Amino acid sequence: MEKVLMKGNEALAEAAIRAGCKCFFGYPITPQSELPAYLAREMPKRGGVFLQAESEVAAINMVYGAAGAGVRVMTSSSSPGISLKQEGISYLCGAELPCVIVNIMRGGPGLGDIQPAQSDYFQATRGGGHGDYRTIVLAPSSVQELVDLVYDAFDLADMYRNPVLILGDGILGQMMEPVVFKERPARQLPPKDWATTGKMGRQKPNVINSLYLDPVKLEEHNLKLFKKYQEIEAKEARYEILNGDDAEYFVIAYGICARIAHAAVEMAREEGIKVGLIRPITLWPYPKKAFEEVLPKAKAFLTVELSLGQMVEDVKLSVEGRAPVYFYGRTGGMVPTAEEIFEEIKKMRGLS
Amino acid sequence: MKVVFERPKSLQATKTHYCPGCGHGVIHRLVAEVMDELGIQDKTIGVAPVGCAVLAYNYFDCDMQQAAHGRAPAVATGIKRALPDRVVFTYQGDGDLAAIGTAEIVHAAARGENITVIFVNNAIYGMTGGQMAPTTLVGQKTETSPYGRDPQIAGYPIRVCEMLATLDGPSFLARAELTDVKNINKTKSYIKKAFEMQLSGKGFSLVEILSPCPTNWGMKPKDAVDWVKNEMVKVFPPGVFKEPKEG
Ligand SMILES: Cc1ncc(C[n+]2csc(CCOP(=O)(O)OP(=O)(O)O)c2C)c(N)n1
Ligand code: SF4
Ligand SMILES: [Mg+2]
């Protein structure tokens, strides 16, 4: 199979087309601009729809309409734009509509900057908008994984009738790496017999809706959603453990941060420190199992993020006080070096 | 026996929640009659707003989506782009369309999005209990303009048809009043024209309907109709604001 050298944002766009994405709606923002530019060029040639919306609010509601009409649909943005989409994401979850939402995160709060960050973790994994809901969150750490997870994102969305977020960052989006677009066997997915396509001979109209004025009905609906979320938690959590076999200390990092953390782990290994890396691939559901696996032998954990500490809460919830959890983070678009993380690993060992 | 009046096929057999004398029910019926007459019930997808008409999906007998407040034109855009051979309409109130959803309606119109918009202007926020709307008349008393809308504080009503008529995208823009038989028939003819525009691919069409809200205007149904006739039409003159040139 052919390897091609591509920027993360462009590879993501190509993978979406290959995964059967028929419609894309988005509003320009750095650092994800190559993605819509690629789709603007390719979608019309390949039977798809590209439309630049008047805002992220409009874009996410166009996603709602197209998802409700039964097609595969995607939008992408970066942090401030994702904030604007939150009402729409809440509606998409309430109405159980499948779609893929890409957040190439940048520094915040407010207008922040356009450098890489991971400070939208809370927003992504805790719902972000109003109401009792969850979105599946995928966090690739290489351009190849980005491509592979795009296919999975569309499948998971259709399988569970739920939005799926791909959480990247400015580095991943801009980075050039070789990728292979693997042909994948079509997954068995439930038919979209709920879609509003026009009745077309159907007896009863289909309705896409998140309104349940009767609280008894809304509780029923939310409990149904909750059951679905529990199923996702049981089946879809993903992670990778590197250098884990004999490890006594663990660094936890996701996305681009995991790449840097891995370099730090290798440095520590050279100095004889028995340290491994836990890399969550799904941020929701959070891969608690990874911790169950290593807790019997783990002396301490170090969470590294491009934020001042968000995922670390999930690490603590997973460790449940059974070992110390340390944190190291840079913020505002600053990225730690492997050396910086290496120093933190040494500190962790010294403290525990 | 000859049937002279019956429920349009495109309306469901159910009770509505609309107040006595409310315009929404009549407008639903007109839209449904047009769907029947054009034979498009089976390929139509409607978009319900947030407002008194939020439950429109329980009344129209066609596929429906319920949209977030003001976003119906964006939702309709998503549906229409995904399924270009279907008929897509939005049904929106004045708060929905001319306040929170102003960006979406203006840009759908500017794109010439091939959808039809039924815009119910009752000069008030009905559903939330009678607050000032973007279309509330100067001097009109509402919950949030208790001394009457004062332009010094709250500015002036928005004339949607006139505003959208400055754009190149729309094919058909018209305003009608839901007051007497003649004008109700005219409303229906505009609605039909609007759907025909979409069917012939001419792009964005919108019908604004001046519609009574007796409940939140604090009037009897008959007085509410008179208020549309005597006061609303002065600020919102009925007529056709844009239509394709003949030939
Ligand atoms: C984001 C958001 N803001 C506010 C509301 C509350 N709300 C519900 S209906 C409505 C106004 C509806 O008025 P209009 O569009 O004129 O419709 P009408 O009820 O008069 O037909 C408002 C403000 C909401 N549901 N969502
Ligand atoms: S409150 Fe007004 S707009 Fe709403 S149903 Fe009653 S009369 Fe109609
Ligand atoms: Mg109103």
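Residues numbered from 1 in each chain as written. Chains lettered and ligands numbered in written order. Predicted model: local features only at pLDDT ≥ 70, side-chain atom pairs only at ≥ 80, totals over all residues. Heavy atoms only, no water.

Engineer: How would you sum up the coordination of the magnesium ion (ligand 3)? Please name residues and give values.
Structural biologist: All names here are of chain B. Binding of the magnesium ion (ligand 3) to the protein goes through D94 (OD), N122 (OD1) and I124 (O), at separations of 2.1 to 2.6 Å. Counting gaps between the donor residues of the magnesium ion (ligand 3) yields the pattern D-x27-N-x1-I. Remark: I124 occurs in the loop between β4 (116-121) and α6 (151-154) and D94 occurs in helix α4 (residues 94-100); sequence separation between them is 30 residues. Among the residues examined, I124 registers a relative accessible area of 2% and is labelled buried. (Donors = N, O, S within 2.8 Å, 3.2 Å for Na, K, Ca; no water. Helix = DSSP H or I, 4+ residues; strand = E, 2+ residues; numbered from the N terminus. Buried < 20%, exposed > 50% of the residue type's maximum accessible area, 1.4 Å probe, protein only.)

Engineer: So, the domain arrangement of chain A: which residues are in play, and what are the values?
Structural biologist: Residues and elements named next belong to chain A. You can read the domains of chain A as domain 1 (4-197 + 222-236) and domain 2 (239-351). Contact with domain 1, which involves 32 residues of that partner, is made by 25 residues of domain 2. Both sides together, the interface formed by domain 1 and domain 2 hides about 2,500 Å², and carbon and sulfur atoms give 56% of it. Our count for the domain 1 to domain 2 interface comes out at 3 salt bridges. Here E177 ties to R259 by a salt bridge, and the two come within 2.4 Å at their closest N and O atoms. Listing elements by their share of the side of domain 1 that touches domain 2, those giving two or more residues are α6 (121-125), β6 (136-138), α7 (143-160), β7 (163-169) and α9 (215-236). (Domains from an automatic or database assignment. Contact = heavy atoms within 4.5 Å. Buried area = accessible area lost by both parts, 1.4 Å probe. Salt bridge = Lys/Arg side-chain N within 4 Å of Asp/Glu carboxyl O.)

Engineer: Break down the sheet that holds strand β12 (residues 275-280) of chain A for me, citing the residues and quoting the values.
Structural biologist: All names here are of chain A. Pairing in this open sheet of 5 strands is mixed, and the strands run β10-β12-β11-β14-β15 from one edge to the other. Two strands lie at the open edges of the sheet, namely β10 (239-242) and β15 (325-329), each paired on one side alone. Taking each pair of neighbouring strands and ignoring which way they run, the sheet shows an average axis angle of 20°. Two strands pair when backbone bridges link them, and strand β14 (residues 300-305) and β15 are joined in this way by 5 bridges, in the parallel orientation. By the bridge assignment, F301 is partnered in β15 with V325. Running at roughly 170° to β12, helix α10 (residues 255-270) makes contact with β10, β11 (249-252), β12 and β14 of the sheet. The strands touched by helix α13 (residues 338-351) are β11, β12, β14 and β15; relative to β14, the strand with the most contacts, the crossing angle is about 155°. (Pairing = 2+ DSSP bridges. Axes fitted to C-alpha atoms, helices over the stretch in contact; angles between N-to-C directions.)

Engineer: I'd like a description of the site of ligand 2, backed by residues and values.
Structural biologist: Residues and elements named next belong to chain B. The local shell around ligand 2 consists of Y18, C19, C22, H24, C52, N122, C213, P214, T215 and N216. Among the elements that line the shell around ligand 2, the one with the most residues is helix α9 (residues 214-217), at 3 residues. Grouping the constituent residues of the shell around ligand 2 by class yields 6 nonpolar, 4 polar and no charged. (Near = heavy atom within 4 Å. Nonpolar A, V, L, I, M, F, W, Y, C, P; charged D, E, K, R; others polar.)

Engineer: Lay out the nonpolar core with the relevant residues and their values.
Structural biologist: For soluble globular proteins, nonpolar side chains are generally found buried alongside one another. Ranked by internal contacts, the top residues of the largest apolar core, which has 147 residues, are A:F25, A:M74, A:F291, A:F301, A:I345, B:F204 and B:L206. The leading source of residues in this core is α7(A), at 11 residues. Lining this core are residues from two domains, each supplying at least three of them: domain 1 (4-197 + 222-236) and domain 2 (239-351) of chain A. In this structure, B:A48, B:C62, B:V87 and B:Y190 belong to the second largest nonpolar core, which totals 36 residues. (Core = buried A, V, L, I, M, F, W, Y, C linked by side-chain atoms within 4.5 Å.)

Engineer: How would you sum up empty space enclosed by the protein? Please name residues and give values.
Structural biologist: Remark: the empty space left among the atoms is shown by a probe the size of a water molecule rolled over them. Residues and elements named next belong to chain A. Per the counting criterion, the structure on display carries 1 cavity of 30 Å³ or more. In this structure, the largest cavity occupies an estimated 30 Å³ of space. V71, R72, V73, P98, C99, V100, F154, A157, D158 and K192 are the residues that line the largest cavity. Per-element tally for the lining of the largest cavity: the top contributor is α7, with 3 residues. Split into classes, the residues belonging to the lining of the largest cavity amount to 7 nonpolar, no polar and 3 charged. (1 Å grid on protein atoms, 1.4 Å probe; cavity = no way out; pocket = protein on both sides within 12 Å on 5 of 7 lines; lining within 4 Å. Points joined across faces, edges and corners; volume = space filled by probe spheres on them.)

Engineer: Could you give an account of the pattern of salt bridges, naming the residues involved and the relevant values?
Structural biologist: Under the defined criterion, the tally for this structure stands at 44 salt bridges over all chains. Linking A:D152 and A:R238 is a salt bridge whose minimum nitrogen-to-oxygen distance equals 3.1 Å. Taken together, the positions of A:D152 in helix α7 and A:R238 in the loop between α9 and β10 put the pair 86 residues apart, joining distant regions of the chain. When its relative accessible area of 9% is taken as the criterion, A:D152 is described as buried. Residue B:D180 is joined to B:K229 by a salt bridge in which the shortest nitrogen-to-oxygen separation is 2.7 Å. Of this pair, B:D180 sits in the loop between β5 (172-177) and α8 (181-199) while B:K229 sits in helix α10 (residues 221-235); the two residues are 49 residues apart in sequence, bridging distant segments of the chain. For B:D180, a relative accessible area of 27% translates into the label partly exposed. Overall, B:K229 belongs to the partly exposed group, its relative accessible area being 33%. Each of A:E14, A:R18, A:E42, A:K45 and A:R46 takes part in salt bridges that share partners, so that together they form one network.

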